[in-house]
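Architecture and fold: a report
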Amino acid sequence: MINKIKNRLREELEKSFKEKYNQEINIVVEEPKSSSLGDISIPVFSVVKVLRKGLDSVVEEVTTFIENTSVRSLFKEINRVGGFINITLDRIAFSKMVIEENVDVLSKKYSYGNNKTVVIDYSSPNIAKPFSVGHLRSTIIGHALGNILDKLGYKVVRINHLGDFGTQFGKIIYAYLNFGNKDLVDKNPIEELVKLYVEFHEMAKDKPEMEDKAREIFKELEQGNLEYKELWEHFREVSLAEYMKVYDMLKVQFDSYNGEAFYNDKMQAVVDELKSKNLLVKDEGAMIVDLGESMPPALIQKSDGSTLYITRDLAALFYRKNNYDFEEALYVVGNEQKLHFEQLKAVIRKMGYDYADSIHHINFGLVLQDGKKMSTRKGKIVKLEDVLREAIALSLDYINEKNPDLDNKEEIAEKIGVSAVIFNDLKNYRTNEIEFNLNDMVNFVGQTGPYLQYTSVRITSVLEENDFVYDKLDYNLYALDHSFELIKAIAQYEEILLKAKEEYSPSVIAKYLLGLASYFNSFYAKEKIVVEDDIERNTKLCLISIIRNILNEGMELLGMQVIKKM
Ligand code: ARG
């Protein structure tokens, strides 16, 4: 909200100068060096420079203009210090505006996105391979970004670009047909398919002809061999069913599950277009696009004619542009694919498409356990479903310790456990590595998901026992230091949402919510809320109700669950 006031002030001042002098002058509106000087500060040096007038007369003129702006009623004091004009907000007027704008924060949908479309490619695990912790990060970050963009008024298309194609399927099909077991695969698809894949490689060491056979199988699969296609479909289906368990627990959904295979019949067009634009170069039998000194070339087609990951990504991008006419295309994928997305953009640019700059690789860091890269435990696959169950079990232990008589303990433990994992990820700026320690993340104290949920529950329990109405408020009370701290925090919410979008990082919201919760908790420790005086009680209840609404909505944007009791 303060930013809105500042922007309004800047625009109106610039307009006043334009009208009077017919000159464009950039007015700077900033925060004062110290909060004791006020809330807003305007250095006038840029005006002095353009108008070539003395400092005193410029200060006087700017001050007069400020006096006539539409936001004047929100200011209590306007003071000059040298070449700066410092403004102190009128706490009462400001509080009134903040409360009025946030009473219905939950039903508010912003229109910053103008209904423009953003496609987000996230999660995107590889069929017949485990859903890794990297895919978990992608799922959590992508889902939250989708929610935030939606709140800001964008049209969001959520795409799970499944890794369901590639030469490995030739190997898996070969292994399955020669030494696989259907029942085992159906019962435990991913584990068994991974086993078959590993076994294939062990055996192929002594029997290199297996590799050729697998290549042949894949080629036939690409060309539509029915038996292979059926098997591939089966593997895809059973794998997806396993991923779905994780998605259900996380409450994540997608608009499209079109994976790499979907683009199988759309790749020739890409190759043809590259050819016609004279971008394809033959290199030892393969087809590449040269990307100059700064990057290795993009490998588009292998010597045997099969296409590659980037070819499928090009086809997918064109498909998305044509079908969704996106304003932005986001790819939530780990740091290790940085080069791949740089190449993708570079090829698009070379092809002459101007939307290369609207493609963003939303990268993220590794997941660590005890400081080491977390992926497999002694060669065993870590099943994410089991990890989430462990988080839930730990949350249930906590409840049993703190509030053993709580109703629906299991259901609440599930909401706490899963949300804890989500928050542990999102409280970190995405490109940083994150430490995965279940005990730390389900803790009810500290910078955790349960701490936020607990703060919300605390407020809810006060609100449920007391009635309040928004039209009987004493704004003088909001001007007092403890309350005004909360008013200022509420005022930041909209700007925080915008910043999260700008940085494509939900952590901006996560950190803000931690601050909001801690402001509330210290307010609650210092101030009695349910006081005798009707107006004072009502005024305080309304304030904490808005805090609770923002906490709840913020948690939901992150993909967490809100609870009423814990
Ligand atoms: N399946 C890939 C992997 O697990 C991620 C795909 C990301 N999306 C994309 N369009 N390339 O590494």
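Here the structure is a predicted model, which is why all the values come from computation and not from measurement.

Observations concerning the packing of helix α11 (residues 267–276) against helix α12 (residues 309–324)
Where α11 contacts α12, the two axes come as close as 9 Å, and the packing angle between them is 95 degrees. Judged by the inter-axis angle, α11 sits roughly perpendicular to α12. Here Met267, Val270, Val271 and Glu273 of α11 come into contact with α12, specifically with Thr311, Arg312, Leu314, Ala315 and Phe318. Of the residues that constitute the contact of α11 with α12, the class distribution is 6 nonpolar, 1 polar and 2 charged.

Structural notes on the nonpolar core
In this structure, Leu9, Ile66, Phe75 and Leu452 are the most contacted members of the largest nonpolar core, which totals 156 residues. Sort the elements by how many residues they give to this core and helix α21 (residues 534–558) lands first, with 11 residues. Setting aside residues no more than four positions away along its own chain, Phe75 makes contact with Ile5, Leu9, Ile40, Ile66, Ile87, Thr88, Leu89 and Asp90. In terms of nonpolar packing, the next biggest core, distinct from the first, is built from 35 residues, Met267, Met287, Phe341 and Ala356 among them.

Considerations on the sheet that holds strand β10 (residues 359–362)
The strands that make up a sheet pair up through hydrogen bonds in the backbone, lying either parallel or antiparallel. Here 4 strands make up an open sheet; going across it, the order is β5-β4-β9-β10 and the pairing parallel. Only two strands of the sheet have a single neighbouring strand rather than two, namely β5 (155–159) and β10. Adjacent strand axes in the sheet meet at a mean angle of 20 degrees, parallel and antiparallel pairs treated alike. In terms of strand pairing, strand β4 (residues 117–121) meets strand β9 (residues 328–332) through 4 bridges, oriented parallel. By the bridge assignment, Val119 is partnered in β9 with Ala329. Strands in contact with helix α5 (residues 133–151) are β4, β5, β9 and β10; relative to β5, the strand with the most contacts, it is inclined by about 165 degrees.

Here we look at helix α3 (residues 55–67)
Between its first and last C-alpha atoms α3 spans 18 Å; for 13 residues at 1.5 Å apiece the expected length is 18 Å, and the two agree. All of the buried residues in α3 are Val58, Val59, Glu61, Val62, Phe65 and Ile66. Down the axis of α3, the buried side of the element spans an arc of 165 degrees, and every buried residue falls inside it. Opposite the buried face of α3, by more than 90 degrees, sit the exposed residues Asp56 and Glu60.

Some words on the packing of aromatic side chains
The tally for this structure, following the rule as stated, stands at 25 aromatic pairs. Between Tyr247 and Phe254 the ring centres are 5.1 Å apart and the planes differ by 70 degrees, which places this aromatic pair in the edge-to-face class. A relative accessible area of 0% means that Tyr247 is categorised as buried. One aromatic cluster is present, formed by Tyr122, Phe131, Tyr243, Tyr247, Phe254 and Tyr257 through successive ring pairs. The side chain of Lys266 reaches across the aromatic face of Phe262, ending 4.0 Å from its centre.

Rules of the game
- Residues numbered from 1 in each chain as written.
- Predicted model: local features only at pLDDT ≥ 70, side-chain atom pairs only at ≥ 80, totals over all residues.
- Heavy atoms only, no water.
- Axes fitted to C-alpha atoms, helices over the stretch in contact; angles between N-to-C directions.
- Helix = DSSP H or I, 4+ residues; strand = E, 2+ residues; numbered from the N terminus.
- Parallel < 35°, antiparallel > 145°, perpendicular 65-115°, else oblique.
- Contact = heavy atoms within 4.5 Å.
- Nonpolar A, V, L, I, M, F, W, Y, C, P; charged D, E, K, R; others polar.
- Core = buried A, V, L, I, M, F, W, Y, C linked by side-chain atoms within 4.5 Å.
- Buried < 20%, exposed > 50% of the residue type's maximum accessible area, 1.4 Å probe, protein only.
- Pairing = 2+ DSSP bridges.
- Expected span 1.5 Å × (residues − 1).
- Arc of directions from axis to C-beta.
- Phe/Tyr/Trp six-rings, centres within 6.5 Å; stacked < 30°, edge-to-face > 60°.
- Lys NZ or Arg CZ within 6 Å of the ring centre and 35° of its normal.

Honestly, that's just the spatial picture; any functional story needs more than this.
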